[in-house]
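# Breakdown of the fold
One letter stands for each residue in the lines below.
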Amino acid sequence: MNEITPDIIMTADVRQALTAHLPLVALESTVITHGLPYPENLQLARDMEAEVRSQQAVPATVGVIEGQIHVGLSPAQLEHLATGQHMVKVSVRDFAPALALRQSGGTTVAGTLVAAHLAGLQVFATGGIGGVHREAPFDISTDLTQLARTPLVVVCAGAKAILDLPATLEVLETYGVPVVGFQTEEFPAFYSRSSGLPVSCSADSPQQVAEIARAHWGLGLSSAILLCVPPPAEAALSPDAVDGAIAQALAEAQAANIHGQKVTPFMLSRMAELTHGSSLTTNLALLKNNARVAAQVSQYLR
Ligand code: PSU
Ligand code: MN
């Protein structure tokens, strides 16, 4: 382990990969601490790292441990995040308190963007980004704001279908974030391959994704490129299969007066229960798939 700033620690693997310009992929950890149940969360964290390695790239799972930001985690640290109690969900506003108060937690898409960019990474894989919530009078994920400001390729399966997808795409457009379909013209809906909504452009290959990113950043633009990969066909659910569960989970969240950063974890776990585990199967499959595609893109962006 080596410190580059007082608050960021990288594993030797990650540091060497940065120095040697090897392909590197950042991975988020709110999915571990808040998005998935144990033990699926720990298995998934290991599987995502293995997917990245299978493509000859180096994984860098990002997290906060006892007040320090880690880019790249040891197996023991990964297990700590997956099993520990009192884990903070670390988005942008939560970093400084987590550091000052020596807390531990999983970084969201927004939080991971901050840390991965500080460390110098260019590619990041997640499941689904946060976005504009339905129903609530005002709940827009910080993920969108941070995507607007941070130049990484973020590989996702779109935004979770529990969100207002048209409004989420409108905000991304307002912020000037290219929404690139990977071998598709349609914005995926996380559990489902289609949403009926268009992406802003599409790319046929990992190399083309890298060319789009370089062209964007070459203009001095500093937003993310959102690369949207449909969930694997064999694990995807039909929109009809998830719509009922989403409506019920949303109604329950409102009835139980759940707000703020608790909404997404509540919705994800209720979705898994209401679909008898099939949404969880889809979630795990798309996370691994996204890690693999991100690793392929990272070959061209180092
Ligand atoms: N997608 C998943 N599981 C998750 C999340 C997304 O499949 O756990 C997490 C991500 O870390 C994302 C966060 O950044 O939910 C968004 O939370 P919020 O809506 O509170 O910003
Ligand atoms: Mn929110």
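Residues numbered from 1 in each chain as written. Chains lettered and ligands numbered in written order. Predicted model: local features only at pLDDT ≥ 70, side-chain atom pairs only at ≥ 80, totals over all residues. Heavy atoms only, no water.

## Here we look at the pairing of strand β5 (residues 68–71)
Put simply, the rule reads: Two strands form a pair only when DSSP identifies at least two bridges running between them. A helix here means a DSSP run of H or I that spans at least four residues, while a strand means a run of E at least two residues long, and both kinds are numbered starting from the N terminus.
Here three bridges tie strand β2 (residues 8–10) to β5, and the two strands are oriented parallel to one another. By the bridge assignment for β5, methionine 10 is matched with valine 71. Where strand β4 (residues 58–65) and β5 come together, four bridges link them in antiparallel fashion. Following the sheet pairing, valine 62 is matched in β5 by valine 71. What sits between β4 and β5 in their antiparallel hairpin is a turn of two residues, with glutamate 66 showing a positive phi close to 45°.

## Brief notes about the layout of surface pockets
One way to see where empty space is left: roll a probe the size of a water molecule over the atoms. In plain terms, the rule: Think of a 1 Å grid over just the protein atoms. A cavity is a set of points where a 1.4 Å probe fits yet cannot get out, a pocket is an open set with protein on both sides within 12 Å along at least five of seven lines, and lining residues have an atom within 4 Å of a point. Grid points are joined across faces, edges and corners, and a volume is the space filled by probe spheres set on the points. Here the nonpolar group is Ala, Val, Leu, Ile, Met, Phe, Trp, Tyr, Cys and Pro; Asp, Glu, Lys and Arg are the charged ones; every other residue, Gly included, is treated as polar.
Taken as a whole, the largest pocket spans an internal volume of roughly 560 Å³. For the largest pocket, the lining is made up of 31 residues, of which Lys89, Thr108, Ser141, Asp143 and Thr264 are closest to its centre. Of all the secondary-structure elements, those providing two or more residues to the lining of the largest pocket are α2 (30–35), α7 (142–149), α11 (263–274) and α12 (278–298). The dominant element in the lining of the largest pocket, judged by the number of residues it contributes, is α2, at four residues. Grouping the constituent residues of the lining of the largest pocket by class yields eight nonpolar, 16 polar and seven charged.

## Observations concerning the confidence of the model for the protein chain
Operational definition: One confidence number per residue, pLDDT, is output by the predictor and ranges from 0 to 100.
When pLDDT is averaged across the protein chain, the result is 95; 98% of the residues are at 70 or more. Here strand β1 (residues 2–5) stands out as the least confident element of the protein chain, with mean pLDDT 52; strand β9 (residues 153–156) is the most confident, with 99.

## A look at the site of ligand 1
Test applied: Being near a molecule or strand, for a residue, comes down to having at least one heavy atom within 4 Å of it. Definition of a polar contact: a pair of N or O atoms within 3.5 Å, with one able to donate and the other able to accept a hydrogen when the atoms are protein atoms, and with sequence-neighbouring residues admitted only if both atoms are side-chain atoms. All accessibility values rest on the Shrake-Rupley procedure with a 1.4 Å probe; residue burial counts only the protein chains present in the view. A molecule is counted as occupying a cavity or pocket when more than half of its atoms fall within 2 Å of that pocket's grid points.
Close contacts around ligand 1 come from 17 residues, with Glu28, Lys89, Val109, Ser141 and Asp143 the closest. Interatomic distance of 2.8 Å between a side-chain N/O atom of lysine 89 and an oxygen atom of ligand 1. Between ligand 1 and threonine 264, the relevant distance is 2.9 Å, taken from an oxygen atom to a side-chain nitrogen or oxygen of the residue. Contact with the protein chains removes 95% of the 480 Å² of surface that ligand 1 exposes when unbound. Taking a 2 Å distance to the grid points as the criterion, the majority of the atoms of ligand 1 fall inside the largest pocket.

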